[in-house]
Amino acid sequence: MKNTQSKNKPHVIWEFLSSVWEFLSSVKLTIVLLILLAIVSIVGTVIPQGQGAVEFAKNLHPAMFRFFKTLQLFDMYNAPWFRLLIAFLALNLVVCSINRFPSTWKRFSTKPAPDRSKPFENSTPEDCFEAGVNVDKASTRVEKILKSGYKNVHQKTSGANHFFYGDKGSLSYFGVYVVHLSVLLILVGGLMGSFFGFEAYVNILEGEIADQVIIRKTMRPLDLGFEVRCDKFSVDFYESGAPKEFKSNLTFMVNGKAVRKNDLLVNHPVEFGGVTFYQASYGSVADKEARLRIDRKSNKPVSSEKTVKGNISYPLPGGEGTYQVVDMRNDIMHLGPAVLILLKPKTGEPIEFWVFKNYDAVQKKLPPPMLASPKFNPEAFSPYRFSLTGLKTVYYTGLQANRDPGVPIVWAGCFLMVSGLFVTFFMSHKKMWVRVLGQGTGAKIEVAGTTNKNPVGLQKDLRHLMTNIQNEFHKKG
Amino acid sequence: MNNSLILSYTTFVYFLAFMAYLLGMVMNRAFFSRLGTYLSLLGFTAQTLAIILRWVESYKMGIGHAPLSNLYESLVFFSWTLMLLYLILEWRTKNRTIGTFVTPLAFLAMAYASFSPNISSQIQPLIPALKSNWLISHVITCFFGYAAFALSFGVSIMYLLKRLDTAEKDNRFLRLIPSTAILDDLNYQMIVIGFLMLTLGIITGSVWAHSAWGTYWSWDPKETWSLITWLVYASVIHTRLVKGWKGKKIAILSIVGFACVLFTYFGVNYLAGLHSYAKK
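Note that the structure is predicted; figures quoted are calculated from it, not measured. Within every chain, residues take consecutive numbers counted from 1 along the sequence as written. Chains carry letters from A onward and ligands carry numbers from 1 onward, assigned in written order. Confidence filtering applies because this is a predicted model: local features only for residues at pLDDT of at least 70, side-chain atom pairs given and counted only at 80 or more, and all residues used for totals across whole chains, interfaces and linings.

**Student:** Looking at this structure, how should I read the overall build of chain B?
**Tutor:** Broken down by element type, chain B carries nine helices and zero strands. Moving toward the C terminus, one meets the helices and strands of chain B in the order α-α-α-α-α-α-α-α-α. Atoms counted for the radius of gyration: C-alpha only. Globule rule: 2.2 Å times the number of residues to the power 0.38. Expected size for 280 residues packed as a compact globule is a radius of gyration near 19 Å; at 19 Å, chain B falls within 12% of this value. Its C-alpha atoms give chain B principal-axis dimensions of roughly 65 × 50 × 30 Å. Residues are called buried when their C-beta atom has 20 or more other C-beta atoms within 10 Å, exposed when it has 12 or fewer, and partly exposed otherwise; all C-beta atoms are positioned from the backbone. Each of the 280 residues in chain B was classed as buried or not, and the buried ones make up 52%. Contact criterion: two residues are in contact if their C-beta atoms, reconstructed from the backbone, are within 7 Å. Long-range pairs, those at least 24 residues apart, make up 80% of the contacts in chain B with a sequence separation of at least 6. Starting at the N terminus, helices and strands are each numbered in turn, a helix being any DSSP run of H or I of at least four residues and a strand any DSSP run of E of at least two.

**Student:** What's the story with the overall build of chain A in this structure? I'm lost.
**Tutor:** Counting secondary structure elements, chain A contains 11 helices and 18 strands. The C-alpha atoms of chain A give a radius of gyration of 39 Å, which is well past the 23 Å a tight globule of 477 residues would have. Dimensions of chain A, computed from the C-alpha atoms along their principal axes, are close to 130 × 85 × 50 Å. The proportion of buried residues among the 477 residues of chain A is 25%. Put simply, 59% of the contacts in chain A that link residues at least 6 apart link residues at least 24 apart.

**Student:** Got a minute to help me understand helix α7 (residues 180–212) of chain B in this structure?
**Tutor:** Each full turn of the α-helix corresponds to 3.6 residues, which orients residues three or four apart in the same direction. All names here are of chain B. To estimate how far a helix should extend, the number of its residues minus one is multiplied by 1.5 Å. Counted at 1.5 Å a residue, the expected span for α7 with its 33 residues is 48 Å, and the 46 Å between its end C-alpha atoms agrees. The buried count for α7 comes to 26 of 33 residues, which makes it a mostly enclosed element. A positive backbone phi angle near 95° is found at G214, which sits one or two residues after α7.

**Student:** What exactly am I supposed to notice about the pairing of strand β14 (residues 338–345) of chain A here?
**Tutor:** Regular strands place side chains that alternate from one sheet face to the opposite one. Residues and elements named next belong to chain A. Strands pair, by our definition, only if DSSP identifies at least two bridges between them. Two strands pair when backbone bridges link them, and strand β13 (residues 321–329) and β14 are joined in this way by eight bridges, in the antiparallel orientation. Along β14, the bridge assignment pairs T322 with K344. In this sheet, strand β15 (residues 351–356) lies alongside β14 in antiparallel orientation, the contact comprising six bridges. Within β15, the residue paired with L340 across the bridge is W354. Counting the residues in the hairpin turn of β14 and β15 gives five residues, including G348, whose phi is positive at 100°.

**Student:** Explanation requested: the interface of chain A and chain B in the structure shown.
**Tutor:** Often the size quoted for an interface is simply the accessible area lost on bringing the parts together. Contact with chain A, which involves 36 residues of that partner, is made by 34 residues of chain B. Looking at the side of chain A that touches chain B, the elements that each hand over two or more residues are α2 (27–46), β7 (243–254), β10 (275–296), β16 (384–403) and α10 (407–426) of chain A. No other element matches the 11 residues that α2(A) contributes to the side of chain A that touches chain B. When residues are sorted by character, Ala, Val, Leu, Ile, Met, Phe, Trp, Tyr, Cys and Pro go into the nonpolar class, Asp, Glu, Lys and Arg into the charged class, and all the rest, Gly among them, into the polar class. Of the residues in the side of chain A that touches chain B, the class split is 23 nonpolar, 10 polar and three charged.

**Student:** What's the story with the sheet that holds β15(A) in this structure? I'm lost.
**Tutor:** Within a beta sheet, neighbouring strands are joined by backbone hydrogen bonds and run either parallel or antiparallel to one another. In space, the four strands of this open sheet follow the order β12-β13-β14-β15 (chain A), with antiparallel pairing throughout. Only two strands of the sheet have a single partner each, and these edge strands are β12 (314–315) and β15 of chain A.

**Student:** Would you mind going over the domain arrangement of chain A with me for this structure?
**Tutor:** Each domain span listed reflects an automatic or database assignment of domains. For chain A, the domain assignment lists domain 1 (2–102), domain 2 (111–169 + 428–476), domain 3 (194–284 + 397–416) and domain 4 (286–393). A separation of 36 Å is found between the C-alpha centroids of domain 1 of chain A and domain 3 of chain A.

**Student:** Any chance you could explain helix α9 (residues 247–265) of chain B here in plain terms?
**Tutor:** Residues and elements named next belong to chain B. Relative to the 27 Å expected for 19 residues at 1.5 Å per residue, α9 spans 27 Å between its end C-alpha atoms, a close match to the ideal helical length. Of all the positions in α9, only I250, A251, L253, S254, G257, F258, C260, V261, F263, T264 and Y265 are classed as buried. On its buried face, α9 is in contact with α5 (134–162), α7 and α8 (221–241).

Structure follows, in structure tokens:
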């Protein structure tokens, strides 16, 4: 009893393994996985991911929230189960490729007999040509022509008859392997990026230096090993107010010594020390100075203009309260420079309103309901009228700083995918047979062919081959 | 003459072409079908001129760029690629019935571009993110892909209609549709071209995203939906090449695939994402 059990065990394991192999090698699994990936990907486009998820999650029922959270639906594309699904597809792809390789290799390497007659069954008169030379001479010429356009040419002679075979495009069987390899390469490149790369950002004020960036995923700082100085940031606008160009003038420094200067623009990243920098955003800071004009409309008009600092209270000229500048923006809603004033009257509620530098232009651009709101009214506190005559702010540039060693592999994968698809879809294996049959003093030449796809292309190639043969005989007689 | 005015006329001409193709089929008159071809050619020529004019105009305004930068321009380009592929197909197959199923799509795209109140036909300057050499190759590959899928959709509808045709029914309209074998073959060819173009479109988009944002893939809804579309057509190709599916099944899958294309094109505009400039 014991003996048979131990004999059966490897057998059972073998059977289990082969059934797993069979499962993994089925195209049904491929299609199920492709469709499954497509369906779950939809979920991630409907539920906001990452940072956007916070706002969405607030409005969810607690039970619903727990459910989403457990399934990691707020960061779905990074969730282990999603990656597992992709890994499964990769495994399926590898197993399928291995499984099918022997038959593909056979199709590629098998050389059919030159004297097959089946391909000639559907011959038309166009595939036939009567040559006025003897059969040996004719077959030498035919062989030469066949060899000039086809590979693997071999022949067979039987009596007065010569049989030839030649083919082209037999490598096209491997196009599909190239495509599948490319998918694996892209996945490997993606994995390499997530293991050995990082995505970080840094904001640098004009004139200041940064030697660290902040990793987006963990929000932890990372030492660059060199320094980046933002010498200047500039932004251009079109007349319509849409942005035209963002530009940072950067200096890269090692140990405080300038090594290289670069202009960084959107779509034109700059690489230094293995880190690639991208122009991602910009802004201006509000802790500097503004110049305000304050008019008091009354019987005795008072007018004063002074430079004020941010977040410091100043008394109103008429003594009705105090005001302070709580926010300064170089550009708000594409309406140009503005400051936010917090006015605290001695009696009544404090009020906040924006004062624009180009108020006349703002009046034209801002929709009437917004214009009517006290938030945008420089005369919100009667009888005063505030005007912004000057604003001193400093720009900062927002840089994306990435390292991704997987990128070249991904690009290689993309290149292979396109070439592989091209081969798979548009190239075919064309097998050609030519027979030269002796007829008295002359010879009868016939061509025929088969193909795995694209029969129209085969007909064209047959015509072409026949024309070449005929031309050869007309030339040489 | 103003380019958007010519484009409005084009919309009208494409509608007339559709009516002519339809009449040709319903009344079984070759005259109307031929008229449909002439009208299609007229509309296509006018549209080509208008696109060139628009391109020149943008340079005259000092903000020169290829007219492929917003929803209006993309819709115009979509119908242009669709008509181009269709006219090639009509010339190759010598069959005009496909026009009845394709010209309405070109007309609808143009009508949406011309008459929707949310779509501005103004030439707008390029924002910094769009100032890239990849803009042209990305948009062209994507839209040729969309156009090929649209043709495959039209052919699939024809396939499903043709299946209703029987000898005893003797329906003129159905009889004029090419045989199911031809349609099935055409359908597969269009899917293959569309798939190759979509692959190129996703790749060029990735290369561009990599230089603009620093990542070649960020799971933005438009990216994700293009991947979903790619996965659907990848399964169609696998079912056909490996499992040998044909005919009705492929036609239905192709219609599902085109629904994904439409969602990638329009639907994602209702979801937040990075492709916001393609919304208006």
